[in-house]
Amino acid sequence: MRLHHSVTPGGLAIIPIKTNKAACRKCYACIRNCPVKAIRVLRDYAEVIPERCIGCGKCVRVCSQHAKVITECIVECRRLLSGPKPPIAVLGCSYPASFHDVKAGQLVTGLKRLGFSEVHEGSVGVDLLTDMYNQAIGNADKRPLITSHCPTILDLIERHYPQLLRNLAGVVSPMIAIGRFIKQRVGQDTPVVYISSCVAGKFEITADQTRMDVDCVITYSELSQMFRDKSLNLKRLGESPLSGRQPDRGRLFAISGGPFQAFDIQHDITNPDFITAEGEQNILEVIKDLAAGRITPRVVDIRFCNGGCIGGPDKNNRLTTFSKRNLIIDYQNNHNLYYKTEPCYEQAAPLPDFTRTFSSKAKRPDVPSGERLRHILRSTNKYEPADELDCGACGYETCREHAVAVFQDLAEPDMCLPYSLKRLEEDQVKLTQKYELAQRALAEQFGDSDIVGQDTRTLGVLKLIQQVGPTQTTVLLRGESGTGKELTARAIHQQSQRADKPLVTINCTTLTDSLLESELFGHQKGSFSGAVSDKKGLFEAANGGTIFLDEIGDITPKLQAELLRVLDSGEIRRVGSNTSIQVDVRLIAATNKNLERGVEESWFRQDLFFRLNVFTITIPPLRDRMESVNELVQVFLDKASKRVNKTLLGIEEKALQALHCYHWPGNIRELQNIIERAAVLTHDEIIHLENLPVIFSELASTLPDSTSTIGFHGARQKHVGQVEKKLMTDYLVENKGNVTAAARQAGIPRRTFYRLLTRYNLRGADFKSKN
């Protein structure tokens, strides 16, 4: 968590505003609402810039994610309460508007129950400054005099409008005045805690000139929290007297126009010599006019919050400004307040010195050159003045202000909304193109889910797929390695009602037990070494679709139990988490092991076996379906032709006969790999026997030498026939069985094309449904 802080002269760290990096979503609301743009945007969050901040608290108020928060001073207040000398509480001038539902005496009782020795009204500080303000007004030259009781206004002038420093009244604020007065009368070692709605008050007490006149500032919300922590219900408490002097007109200070009334400054609303203004927009206009010399009043009273101090950032109720104003006026007219003034405050001793000086805290910012500014603008697609939309979405009023902030490392180019939207559109087009290319590549390599073969056992498997596909039944695929279990799983998924949802596959033998658990179920950040962030598992990724677990017979008993729980409840639990996540997934499992033996030998759970063995499909090995070898070879030839970028027309007869003589321990996968290897090795468009592994040459040597009986011409004619039939088939497929179009594409007469169809027993109608 990054902190905006200051340090008091006594070494006590005061941290008025802090930034919660984890909560910040970079919505730029703080930038849009900060009147002085005291926010720096970093990679993952936006932080307050201490040297620019004026303590108005607007970033706290507008942050919906609560990433900007006022640091609670409750801990420091409790430290003072438990110290050797009980602290004195001072209630800010606006407290009647915040604690309007209890009597003043009940509030005093509650504060004394917390451990405060005395409770004073901060309005006394206003009365203490009346003479000084009247003297300052009388001694003022032609320069406008700006009141100096709002700490936000003081910071605004010191940090951003130093040319107005000489216009500030050299008088401390009422908060400092009452603190200084109390410590003069009871001793500097007595802690003073000021209670107010003003966040900037936390900044003010860090100034060196305050001499620790106020030790701690807490807000009304923090005080209410302290009451709750002590289980104090103020409405049920009796009344206790207030301490110190009784205010005169100071109680009106918190409302609009109150300072002029409280300081007994005679003014008329039609007299331009006296200006009073509250609220961000109004005070900024006044300050800009003063800095530019457009107005020259005698006295200017400005406060940042709307309605005066009653509109401070710490709003702990929903009353309107007008309701609060009435409460302050009613309190001023209340003459039944219970007071018990200690003798030390009534002594006619000289008052402390309430003067103060001001110094510039402004830092001259770096200004980009015209060329550098244009470069930044061009980087966000602003090549002409018409491109500068000045939409304000970035938080800056104009595109040029945003460009200057980028130059000063206060902002990022991506904050420009039109620029970001344009980039998103371009990225979407690029991603769509990449996705389509990836889908095409995957379809070429894995997307063909057609199971090839017309043998009896393959047709039986296809029938079972058609029956179980549309159901939600768990399927167990059994068979040797390389028989096409994953292809069968894809075919089942495409036959199901989940075909438009993801099919997620994983081979359970490729990962260790711990990694497989994390891969399947996901994990929470910090659940194990290397878990730097939360991760979704494959079950969550497959939600709504199908998950295929290959070689399920190799998972450990621990994972078997987890998998059984998923099948029974439909819930998964990430590694390191106690929260269950509901998933809707169809399971297809595959194994080449004898699970019945595993149950007998206790390396596979019997209950899991029963849950998996709902519908079993046994995939036949290639040696039991040799009738389909020719068809498989042709399919793999087409695929290999694309992969090695060669034109392959066929395989010579002797090589094909050798393939029929092999026992195929690696099944279909082995056949595919052998065909691809031969495609790489061949130097022409035909795969020859010598392109196959040596074992096939040995098998071919045991076959009868058919070439010696039919001669060279016969062998040549046989291979030509294979090529012609392949070409005829390709033409018919491309033209969807249209013989006329196929003959036209082949460049031969239609009658000749029909004769060739008859020779090779082909019919155009057989190709009408093929794409």
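Residues numbered from 1 in each chain as written. Predicted model: local features only at pLDDT ≥ 70, side-chain atom pairs only at ≥ 80, totals over all residues. Heavy atoms only, no water.

Draft legend 1. Quick look at the packing of aromatic side chains. Enumeration over the complete set of coordinates arrives at 10 aromatic pairs. Here Y95 and Y331 contribute two aromatic rings whose centre-to-centre distance is 5.5 Å and whose plane-to-plane angle is 75°, an arrangement assigned as edge-to-face. In this pair, Y95 is assigned in helix α4 (residues 95–98) and Y331 in helix α14 (residues 321–332), connecting sequence segments 236 residues apart. According to the relative accessible area criterion, Y331 is buried, its value standing at 10%. Ring centres 4.6 Å apart and planes at 85° place the aromatic pair Y662 and W664 in the edge-to-face group. Since its relative accessible area comes to 13%, Y662 is described here as buried. (Phe/Tyr/Trp six-rings, centres within 6.5 Å; stacked < 30°, edge-to-face > 60°. Helix = DSSP H or I, 4+ residues; strand = E, 2+ residues; numbered from the N terminus. Buried < 20%, exposed > 50% of the residue type's maximum accessible area, 1.4 Å probe, protein only.)

Draft legend 2. The arrangement of the pattern of salt bridges in detail. By the definition in use, this model includes 35 salt bridges. Where R79 meets E76, a salt bridge forms, and the shortest distance between an N and an O atom there is 2.7 Å. You can see R79 and its partner E76 sitting in helix α3 (residues 74–81), 3 residues apart, about one turn around the helix. Judged by relative accessible area, R79 falls into the partly exposed class, the value being 48%. Residue classification places E76 among the buried positions, given a relative accessible area of 14%. Measuring nitrogen to oxygen at the nearest pair gives 2.7 Å for the salt bridge that ties R251 to E121. Here the residue R251 occupies a position in the loop between α11 (220–229) and α12 (258–262), and E121 occupies one in strand β7 (residues 118–121), the gap between them amounting to 130 residues. For R251, a relative accessible area of 7% corresponds to the buried category. One salt-bridge network, held together by shared partners, links E371, R374 and R378. (Salt bridge = Lys/Arg side-chain N within 4 Å of Asp/Glu carboxyl O.)

Draft legend 3. Region of the structure containing the packing of helix α27 (residues 653–661) against helix α29 (residues 694–701). Interhelical geometry of α27 versus α29 gives an angle of 95° and a closest axis separation of 9 Å. It follows that α27 is roughly perpendicular to α29 by the angle criterion. In this structure, α27 uses K654, A658, L659 and C661 to contact α29, whose residues at the interface are F696, L699 and A700. For the contact of α27 with α29, the class distribution of residues is 6 nonpolar, no polar and 1 charged. (Axes fitted to C-alpha atoms, helices over the stretch in contact; angles between N-to-C directions. Parallel < 35°, antiparallel > 145°, perpendicular 65-115°, else oblique. Contact = heavy atoms within 4.5 Å. Nonpolar A, V, L, I, M, F, W, Y, C, P; charged D, E, K, R; others polar.)

Draft legend 4. Structural view of the nonpolar core. In this structure, I283 and I302 are the most contacted members of the largest nonpolar core, which totals 55 residues. A total of 5 residues in this core trace back to one element, the largest contributor, which is helix α13 (residues 280–292). Beyond its immediate chain neighbours, meaning those up to four positions away, I302 contacts I146, T147, C150, I153, A277, I283, V286 and I287. In terms of nonpolar packing, the next biggest core, distinct from the first, is built from 40 residues, C93, Y133, I137 and I182 among them. (Core = buried A, V, L, I, M, F, W, Y, C linked by side-chain atoms within 4.5 Å.)

Draft legend 5. Representation of the pairing of strand β17 (residues 546–550) within the structure. Along β17, 5 of the 5 residues are buried, which leaves the element largely enclosed by surrounding structure. The side-chain alternation of β17 yields two buried faces, one formed by T546, F548 and D550 and the other by I547 and L549. Both strand β14 (residues 503–507) and β17 contribute to a ladder of 5 bridges, which runs parallel. Its bridge partner being in β17, N507 is matched across the sheet by D550. In terms of strand pairing, β17 meets strand β20 (residues 586–591) through 4 bridges, oriented parallel. Residue pairing across strands places L549 opposite A589, the latter belonging to β20. (Pairing = 2+ DSSP bridges.)

Draft legend 6. Quick peek at the sheet that holds strand β6 (residues 88–91). On the basis of which strands lie adjacent, the open sheet formed by 4 strands has the order β7-β6-β9-β10 and parallel pairing. The sheet is open, and its two edges are formed by β7 and β10 (216–219), each paired on a single side. Taking the axes of each pair of neighbouring strands and ignoring which way they run, one obtains an average angle of 25° across the sheet. Strand direction decides the pairing type here: β6 and β7, joined by 4 bridges, are parallel. Pairing of V90 across the sheet is with H120, part of β7. This element, helix α9 (residues 174–186), spans β6, β7, β9 (192–196) and β10 of the sheet and lies at about 155° to β9.

Draft legend 7. Fine view of a nonpolar patch on the surface. Taken together, the side chains of L417, L421 and L424 make up a nonpolar region of the molecular surface, amounting to roughly 280 Å² of accessible area. Examined against the element boundaries, L424 turns out to sit in helix α18 (residues 417–447). (Patch = residues over 30% accessible without salt bridge, like charges linked within 9 Å, V, L, I, M, F, W, Y side chains within 5 Å. Areas by Shrake-Rupley, 256 points an atom, 1.4 Å probe, with all protein chains shown as cover.)

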